[in-house]
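The primary structure of each chain is shown beneath.
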Amino acid sequence: MSETSDRLRRYLADELGECRSEDLERRRDELDSLEAGLEADVVSKDVQTLSALGTETRYRLVRLLVEADEELCVCEIVPLMDVSDSAVSHALSTLVDAGLVRKRKDGRWRKYRATGRAHALLTVLDGAR
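These numbers come from a predicted model, not from an experiment.

(A) Looking closely at the overall build of the protein chain. The secondary structure content of the protein chain amounts to seven helices and three strands. Reading the protein chain from its N end, one meets helices and strands in the order α-α-α-α-β-α-α-β-β-α. In terms of overall size, the protein chain is more extended than a compact globule, its C-alpha atoms giving a radius of gyration of 23 Å where 129 residues would be expected to give roughly 14 Å. Viewed in the frame of its principal axes, the protein chain has a C-alpha envelope of about 70 × 30 × 25 Å. Across the 129 residues of the protein chain, 26% fall into the buried class. When contacts within the protein chain are restricted to residue pairs at least 6 apart in sequence, long-range pairs at least 24 apart make up 50% of them. Roughly 8700 Å² of accessible area belongs to the protein chain as shown, and the carbon and sulfur atoms make up 50% of that amount. Taking the average location of the 21 positive side-chain charges in the protein chain and that of its 26 negative ones, the two points are 8 Å from each other.

Now the structure itself:
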């Protein structure tokens, strides 16, 4: 018996008072079902989204666009940030790739808006304080 199975058996014995082979098999099946719900592409996309919020600049940009609740031109965004124009542009590109921000060209101007996903994530963060 593997160390993992032995550990699970001991855990179930502590929880149930005893651990029969049926208990161990049932729990393994339940855990296999949980693992099956962790589709690699979904997990990868979620990690990309959460990673996109991993710097202060990108987080502030998302927060700004969510609070604005409208499109903002990059020329309106840059003066509000304490980083270079290129840093803002790079951060916005990362946020677009992660699905947190939408970009639209309007003639020679680039306009950005927070997505529903960005609104939802910040709502969760706000509610967790």
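(B) Representation of helix α6 (residues 85–97). Taking 1.5 Å per residue as the helical rise, α6 with its 13 residues ought to reach 18 Å, and the 18 Å between its terminal C-alpha atoms agrees with that figure. Tucked into the core, α6 has its buried residues touching α3 (40–52), α4 (56–68), α5 (74–77), β2 (101–106) and β3 (109–114). Two residues or fewer past α6, G99 is found with a positive phi of approximately 80 degrees.

(C) Structural view of the sheet that holds β3. Read from one edge to the other, the open sheet built from three strands follows the order β1-β3-β2, with strand pairing classed as antiparallel. For this open sheet the edge positions go to β1 (72–73) and β2, each flanked by a neighbour on one side alone. Pairing of β2 with β3, which is carried by six bridges, proceeds in the antiparallel orientation. Bridged to R102 within β3 is R113. Along the sheet, α4 contacts β1, β2 and β3; its crossing angle with β3, the most-contacted strand, is approximately 85 degrees.

(D) Highlighting the pairing of β3. Where β1 meets β3, two bridges bridge the pair, whose relative direction is antiparallel. Directly across from C73, in β3, lies its bridge partner K111. Hairpin connection of β2 to β3: two residues between the antiparallel strands, including G107 at a positive phi of 65 degrees.

(E) Structural detail: unusual backbone geometry. One non-glycine residue, D69, lies in the positive phi region at around 55 degrees. The residue D69 is located in the loop between α4 and β1 in this model.

(F) Main features of a nonpolar patch on the surface. Residues L38, V43 and V47 make up a contiguous nonpolar surface patch of about 260 Å² in total accessible area. You can see V47 is positioned in helix α3.

(G) Representation of helix α1 (residues 3–16). Here α1 spans 20 Å end to end across 14 residues, near enough to the 20 Å set by a 1.5 Å rise per residue. Taken residue by residue, α1 has S5, L8 and L12 as its buried positions. Angular distribution of buried residues about the axis of α1 spans 60 degrees; they occupy a single face of the element. α1 presents E3 and D14 as exposed residues on the side facing more than 90 degrees away from its buried surface. Contacts from the buried residues of α1 go to α2 (21–36). In the stretch just after α1, G17 is the one whose phi turns positive, near 90 degrees.

Definitions and limits used
- Residues numbered from 1 in each chain as written.
- Predicted model: local features only at pLDDT ≥ 70, side-chain atom pairs only at ≥ 80, totals over all residues.
- Heavy atoms only, no water.
- Helix = DSSP H or I, 4+ residues; strand = E, 2+ residues; numbered from the N terminus.
- Rg over C-alpha atoms; globule rule 2.2 N^0.38 Å.
- Buried < 20%, exposed > 50% of the residue type's maximum accessible area, 1.4 Å probe, protein only.
- Contact = heavy atoms within 4.5 Å.
- Areas by Shrake-Rupley, 256 points an atom, 1.4 Å probe, with all protein chains shown as cover.
- Lys, Arg positive; Asp, Glu negative; His and termini not counted.
- Charge placed at Lys NZ, Arg CZ, Asp CG, Glu CD.
- Expected span 1.5 Å × (residues − 1).
- Pairing = 2+ DSSP bridges.
- Axes fitted to C-alpha atoms, helices over the stretch in contact; angles between N-to-C directions.
- Patch = residues over 30% accessible without salt bridge, like charges linked within 9 Å, V, L, I, M, F, W, Y side chains within 5 Å.
- Salt bridge = Lys/Arg side-chain N within 4 Å of Asp/Glu carboxyl O.
- Arc of directions from axis to C-beta.

This is a description of form; function is not addressed.
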